[in-house]
Amino acid sequence: MTIRMIARLDIKGPNLVKGIHLEGLRVLGTPEQFAKAYYEQGADELLYMDVVASLYGRNSLLDIVARTSREIFIPLTVGGGLRTLEDIQQALRAGADKVALNTAAIRNPTLVQDATTRFGSSTIVVSIEAIRKPDGHYEAYTDNGREPTGVDAFAWARQAAELGAGELLITSIDREGTGEGFDLELTRRIAEAVPIPVIACGGAGTAQHVADVIVHGKADAVCMASLLHYHLIKQDGKKRRAGLEAEGNLEYLKSRRGFSKIQGTSFPAIKAFLGTQGMICRQPAGETVHA
Amino acid sequence: MRRSSRPQVAIVDYGMGNLFSVKHACAYAGMEASTTSTAQELLAADAVILPGVGAFGDAMAMLARRDLVSVLRDIAASGKPLLGICLGLQLLMRESSEFGRHDGLGIIDGDVVRLEGGRDHGRAAKVPQVGWNRIHRRGAQAWTGSLLDGVPEDAYMYFVHSFYVRPVDPGLVVATTRYGPAEFCSGLRQGNVCAVQFHPERSGPDGLTIYRNLAARLPASIPEVQHA
């Protein structure tokens, strides 16, 4: 079973952004540039998440999806603000291969069933964003980690799988953006409870963290953001700064500060490291990617 | 009337699955692709791609509703390049046992059976298989001359499926893939008909090689002479 390595790109308006605990968003560049770089590095999949769509109903994401899917030939999952079957249809028509549902699915679980019946299980990813409570249980949140639901994350994970979801995207809001490592208990308990693939998200700061969530968290796929983004910016900062469109908080990019807990790295380096740990990843062929 | 000198490819649109990535991959490889569900456009194209994601029985019903079953059989018999992808490969077979027995297009003799889970390199092999897996060359048969020409041996391709095909004639198998306890046919060829279980349009540069090979074997139509 090959472990999938996925680049997660959070999108606000025309920009790639990154926050901590899904908040305090920094602008990092344009999503298409990062997506292309990750494709060329050997990413196995891409995830585009519109981080404000649930709040404002905005979906400028579709234009970005359409542009990306013309030149990037790996699976692309799109999430953020998709509420209806028509929204899903639009995302697929723009070029997405799968969609990730959170807020709308938890409010109306029937949507998962309707969507899998219409578009096939393999097209529907249910995204669960969870916070660990002092008593040890995990609560699912919606609206990109802002709204508590009172729903138990494990019960919801089992229900989503029973409703026909093809995969689960599990994000620890506690760890998200911190670089402190994945919430291994959250990922493992869900991976052991459902028969469908589980994608771990939130907290990757080093290649070792990625290895840990595969071995101890039982993840089938791993989503990464900060450790890829900050590495790419460092390598190629000037070019990217020139390409970004001004919207939102640009202070981080202007300051050129590093981000201490996160050891920036690339897909080839992560996959090579996992290989030394006995894990199987897709190694892209030696040929260069034709641009 | 052809406005373009690029080869014309018709992608069969029968309401199953995302055709946009197939279309984009065709464009990237220099082909002019259109999605269609009419016999006329399929017959006029230089090549036909039969994609698809979903249930076998539903797909055959959709093809039948659009009167495309005999058209696709005619295209396969005509010598025109026909590429089946994922469910499009499975539909070429004689029959499937997915949720009951269903007749397929019968272009290739053989059947479609369910993938079994199990263990794979110490981890659970879940069904459906969703992810990257290797394709292996079958015996001594080289990929030269097939749509896999130029794809590195044991290359990784992207799979999403719960079923696989078993052609009666093992000589048709050009690639195999191992998953759990099974080694299944992930690519086959019968004359002008080529088909793969994986998604070449989602398999990075190695997958795009298949689209380039398809483009290379099609005649670029001659641009019309411009009259002053």
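A quick note: this is a predicted structure, and the numbers were derived from the prediction, not measured.

1. A few points about the pairing of strand 13 (residues 163–167) of chain B
Residue and element names in this part refer to chain B.
Part 1 of the argument: Counting buried positions over the 5 residues of strand 13 gives 4, a clear majority of the element.
Part 2 of the argument: Pairing of strand 7 (residues 108–114) with strand 13, which is carried by 5 bridges, proceeds in the antiparallel orientation. Paired with R114 across the bridge in strand 13 is F163.

2. Remarks on the pattern of salt bridges
Where charged atoms from two side chains of opposite charge approach closely, those side chains can pair.
Part 1 of the argument: All chains considered together, the criterion is met by 25 salt bridges over all chains.
Part 2 of the argument: With a closest N to O distance of 2.6 Å, E32 of chain A and R67 of chain A form a salt bridge. Placement of E32 of chain A in helix 1 (residues 31–41) and of R67 of chain A in helix 3 (residues 61–71) is noted, with a sequence separation of 35 residues between them.
Part 3 of the argument: Between K133 of chain A and E139 of chain A there is a salt bridge whose closest N-O contact spans 3.5 Å.
Part 4 of the argument: Judged by its relative accessible area of 12%, E139 of chain A is buried.
Part 5 of the argument: Ionic contacts of the salt-bridge type, sharing partners, join the residues R94, E95, R101, D103 and D109 of chain B into one network.

3. So, the packing of aromatic side chains
Part 1 of the argument: One pass over the full model with this rule turns up 8 aromatic pairs over all chains.
Part 2 of the argument: Centre to centre, the rings of Y38 of chain A and F267 of chain A are 5.9 Å apart; their planes meet at 70 degrees, and the pair counts as edge-to-face. Of this pair, Y38 of chain A sits in helix 1 while F267 of chain A sits in helix 12 (residues 267–276), and the two are 229 residues apart along the sequence.
Part 3 of the argument: The class for F267 of chain A is buried, based on a relative accessible area of 0%.
Part 4 of the argument: With centroids separated by 5.7 Å and ring planes inclined at 65 degrees, the aromatic side chains of F159 of chain B and F198 of chain B adopt a geometry described as edge-to-face. Here F159 of chain B is found in strand 12 (residues 156–161), whereas its partner F198 of chain B is found in the loop between strand 16 (193–196) and helix 6 (204–216), with 39 residues between them in sequence.
Part 5 of the argument: Judged by relative accessible area, which is 0%, F159 of chain B ranks as buried.
Part 6 of the argument: A connected cluster of aromatic rings, assembled from ring pairs, spans F159, Y164, F184 and F198 of chain B.

4. Looking at the interface of chain B and chain A
Part 1 of the argument: Taken together, the 31 residues of chain B in the interface contact 41 residues of chain A.
Part 2 of the argument: Carbon and sulfur atoms make up 55% of the area that chain B and chain A hide from each other, which totals about 3000 Å².
Part 3 of the argument: Contact with chain A buries surface across chain B, with R123, W132 and R202 of chain B losing the most and accounting together for 25% of the total.
Part 4 of the argument: Taken together, the connections running from chain B to chain A amount to 2 salt bridges.
Part 5 of the argument: Its salt-bridge partner being D97 of chain A, residue R202 of chain B comes within 2.5 Å of it at the nearest N-O pair.
Part 6 of the argument: Counting the contacts that link chain B with chain A gives 12 residue pairs in polar contact (both at pLDDT 80 or more).
Part 7 of the argument: Secondary structure elements with two or more residues in the side of chain B that touches chain A: helix 1 (20–28), strand 9 (123–125), strand 10 (129–134), strand 12 and helix 6 of chain B.
Part 8 of the argument: Each residue belonging to the side of chain B that touches chain A can be placed in one class, and the counts come to 15 nonpolar, 9 polar and 7 charged.

5. With respect to the confidence of the model for chain B
Part 1 of the argument: When the pLDDT values of chain B are averaged, the result is 90; 93% of them are 70 or greater.
Part 2 of the argument: Across the assembled chains, the prediction reports ipTM 0.89 with pTM 0.89.

6. Describing unusual backbone geometry
Part 1 of the argument: Cis geometry marks the peptide bond from V127 of chain B to P128 of chain B; its omega dihedral reads 5 degrees.
Part 2 of the argument: Positioned with a positive phi, K218 of chain A is a non-glycine residue whose angle comes to about 60 degrees.
Part 3 of the argument: Along the polypeptide, K218 of chain A turns up in the loop between helix 9 (207–215) and strand 12 (221–224).
Part 4 of the argument: Since its relative accessible area comes to 38%, K218 of chain A is described here as partly exposed.
Part 5 of the argument: Backbone geometry at C86 of chain B places phi at a positive 60 degrees, although glycine is not the residue there.
Part 6 of the argument: Along the chain, C86 of chain B falls in the loop between strand 4 (82–85) and helix 5 (87–91).

7. Details of the environment of M5 of chain A
Residue and element names in this part refer to chain A.
Part 1 of the argument: You can see M5 is positioned in strand 1 (residues 4–12).
Part 2 of the argument: Sequence-wise, M5 and G278 are 273 residues apart; in three dimensions their C-alpha atoms are separated by 15 Å.
Part 3 of the argument: Setting aside anything within four residues of it in sequence, one finds M5 in contact with A43, D44, E45, V210, I214, V222, M224, F267, I270, K271, L274 and C281.

8. A word on the side chain of H161 of chain B
Residues and elements named next belong to chain B.
Part 1 of the argument: Its place among the elements puts H161 in strand 12.
Part 2 of the argument: Under the relative-accessibility criterion, H161 is labelled buried at 5%.
Part 3 of the argument: For H161, the side chain forms a polar contact with the main-chain oxygen of F163, separated by 2.8 Å.
Part 4 of the argument: Those residues in contact with H161 that sit more than four places away from it in its chain are L115, P128, Q129, F184 and Q197.

9. Notes on empty space enclosed by the protein
Part 1 of the argument: Counted according to the given criterion, the structure contains 5 cavities of 30 Å³ or more.
Part 2 of the argument: Quantified by volume, the largest cavity comes out at close to 110 Å³.
Part 3 of the argument: Surrounding the largest cavity, 14 residues form its lining, K18, G177, G202, G203 and A225 of chain A being those nearest its centre.
Part 4 of the argument: In terms of residue class, the lining of the largest cavity is made up of 5 nonpolar, 6 polar and 3 charged.
Part 5 of the argument: A volume near 70 Å³ is recorded for the second largest cavity.
Part 6 of the argument: Around the second largest cavity, the lining residues are L83, S146, L147, L148, V174, L188, R189, C194, A195, V196 and I210 of chain B.
Part 7 of the argument: Secondary-structure elements contributing two or more residues to the lining of the second largest cavity are strand 15 (182–190) and strand 16 of chain B.
Part 8 of the argument: With 3 residues, the single largest contributor to the lining of the second largest cavity is strand 16 of chain B.
Part 9 of the argument: A breakdown of the residues in the lining of the second largest cavity according to their chemical character gives 9 nonpolar, 1 polar and 1 charged.

Criteria and cut-off values
Residues numbered from 1 in each chain as written. Chains lettered and ligands numbered in written order. Predicted model: local features only at pLDDT ≥ 70, side-chain atom pairs only at ≥ 80, totals over all residues. Heavy atoms only, no water. Buried < 20%, exposed > 50% of the residue type's maximum accessible area, 1.4 Å probe, protein only. Helix = DSSP H or I, 4+ residues; strand = E, 2+ residues; numbered from the N terminus. Pairing = 2+ DSSP bridges. Salt bridge = Lys/Arg side-chain N within 4 Å of Asp/Glu carboxyl O. Phe/Tyr/Trp six-rings, centres within 6.5 Å; stacked < 30°, edge-to-face > 60°. Contact = heavy atoms within 4.5 Å. Buried area = accessible area lost by both parts, 1.4 Å probe. Polar contact = N/O pair within 3.5 Å; in protein donor to acceptor, adjacent residues only side chain to side chain. Nonpolar A, V, L, I, M, F, W, Y, C, P; charged D, E, K, R; others polar. pLDDT = per-residue confidence, 0-100. 1 Å grid on protein atoms, 1.4 Å probe; cavity = no way out; pocket = protein on both sides within 12 Å on 5 of 7 lines; lining within 4 Å. Points joined across faces, edges and corners; volume = space filled by probe spheres on them.

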